[in-house]
Amino acid sequence: MVIYITCSDSRFIIYLGKDKYENEELIKWGFPNDIWFHVDKFSSAHVYLRLPPDITIHTIPKEVMQECLQLVKDGSKDGRKQEKVSICYTPWSNLKKTQAMEVGEVGFKDEKEVYHVKNVTKDKELLKKLLKTKIEKEVDLEQERKAFDLEIKNKKKKEMEELKKKEIEDKKKYKEELKEKRFEYIDEIGKETTNKDDVDFEDDFM
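Residues numbered from 1 in each chain as written. Predicted model: local features only at pLDDT ≥ 70, side-chain atom pairs only at ≥ 80, totals over all residues. Heavy atoms only, no water.

Next up on the list: the side chain of D9. Of note, D9 is situated in the loop between strand 1 (2–5) and strand 2 (13–17). Polar contacts involving the side chain of D9 include one to the side chain of R11, which spans 2.8 Å. (Helix = DSSP H or I, 4+ residues; strand = E, 2+ residues; numbered from the N terminus. Polar contact = N/O pair within 3.5 Å; in protein donor to acceptor, adjacent residues only side chain to side chain.)

On to the nonpolar core, then. Counting residues in each nonpolar core, the largest one holds 29 residues, and the members touching the most others are I14, I35, F37, V47, L49, I60 and I87. No other element matches helix 2 (residues 62–74), which puts 6 residues into this core. Those residues in contact with I60 that lie beyond four places of it in its chain are I35, L49, L51, I55 and M65. Among the nonpolar cores identified, the runner-up in size contains 15 residues, and W29, W36, Y48 and V114 belong to it. (Core = buried A, V, L, I, M, F, W, Y, C linked by side-chain atoms within 4.5 Å. Buried < 20%, exposed > 50% of the residue type's maximum accessible area, 1.4 Å probe, protein only. Contact = heavy atoms within 4.5 Å.)

Reading across the sheet, the 7 strands line up as 8-5-3-4-2-1-9 and stay open at both edges, with antiparallel pairing between neighbours. Looking along the sheet, the strands with just one partner apiece sit at the ends: strand 8 (115–120) and strand 9 (135–137). Averaged over all adjacent pairs, the angle separating strand axes in this sheet is 25°, with direction ignored. For strand 1 and strand 9, the ladder comprises 3 bridges, and the chain directions are antiparallel. Counted as the bridge partner of V2 is K137 from strand 9. Packing of helix 1 (residues 20–29) onto the sheet brings it into contact with strand 1, strand 2 and strand 4 (47–50), and relative to strand 2 it is tilted by some 130°. Each of strand 1, strand 2, strand 3 (34–39), strand 4, strand 5 (85–91) and strand 8 is contacted by helix 2, which is oriented at about 45° to strand 3, the strand it contacts most. (Pairing = 2+ DSSP bridges. Axes fitted to C-alpha atoms, helices over the stretch in contact; angles between N-to-C directions.)

What follows concerns helix 3 (residues 124–131). Of all the residues in helix 3, the buried ones are L126, L127 and L130. Considered in projection along helix 3, the buried side chains sweep an arc of 95° and stay on one side of the axis. Turned more than 90 degrees from where helix 3 packs its buried face, K124, E125 and K129 sit exposed. On the buried face of helix 3, the contacting elements are strand 1 and helix 2. (Arc of directions from axis to C-beta.)

The subject of this paragraph is the pairing of strand 5. Most of strand 5 sits out of view: 7 of its 7 residues are buried. Across 5 bridges, the pairing between strand 3 and strand 5 is antiparallel. Residue pairing in the sheet places F37 in a bridge with Y89 of strand 5. Relative to strand 8, strand 5 runs antiparallel, the two sharing 4 bridges. Bridging across to strand 8, V85 finds its partner in V120.

Another point: the packing of aromatic side chains. Tallied over the entire structure, the rule returns 6 aromatic pairs. Ring centres of W36 and F108 lie 5.6 Å apart, and the angle between their planes is 70°; on these two criteria the pair is classed as edge-to-face. Taken together, the positions of W36 in strand 3 and F108 in strand 7 (residues 107–108) put the pair 72 residues apart, joining distant regions of the chain. Through a chain of ring-to-ring contacts, three or more aromatic side chains come together here, namely Y4, Y15 and Y48. We note K137 situated over the ring of Y4; from NZ or CZ to the ring centre the distance is 5.0 Å. (Phe/Tyr/Trp six-rings, centres within 6.5 Å; stacked < 30°, edge-to-face > 60°. Lys NZ or Arg CZ within 6 Å of the ring centre and 35° of its normal.)

Functional significance is not addressed by these values, which are geometric in nature.
In C-alpha cells form, the structure reads like this:
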C-alpha cells in the first residue's frame, strides 16, 4: 500500500511507503522528477515529493517543503521523539541500491546531490492537518512507471516530429524568399539595362 497526502499545492504529489517492503518498491520504481526525503541518522519513512515540470529541487515552495519535513519527522519512531532533527533530501535518480543492502536501505550515488535541513521541529497544527488527508492505495508501481516512461517517449517523439516539420517549413520559406530576391534583382537589372538602351538609342539619332 502506498500512502498519499494531499499537498497544499495541487501541482505536487506527496506519497510514502507503509513499511520497509513498500519502501523497497518505491526506491525501484520512483519517477525521475521525484524528490526523496529521510530523517538523517535515524530510521524513518521514505517520503517522496513528485515535482511538476516547471519546478526543480532548488525551487520547491517553502510551504510544500515544510509539509514534507513534518511528515518525515513524524514517520520516524526515534526522530519524532527528538525535539529537533536533521532531514536529508535528494533526487530519486541519486538513490543507490546494492544487493548487500537490507530491505528498505538505500545509499547515494553522489553525496554532493544530497541536501540537508537542520533543526526541524514539530509543527503540531500542520501535521494534524496533513494526516487528516491521508489515503492508502493499492498501486502497481511498475506499471505506473512504465506508463510514465511511455508518455515521456511519445512526448519527445512528437516534439521531434514538430521540430522536423518546422525545419522543413523554414527551409521552404527560405528558398521562396531567396527566389523572390533573385527575381527582384533580375527585374532591377532589366530596368537599368532598358533605361541605358533608351539613352543610347536617342544619342544615335541626334
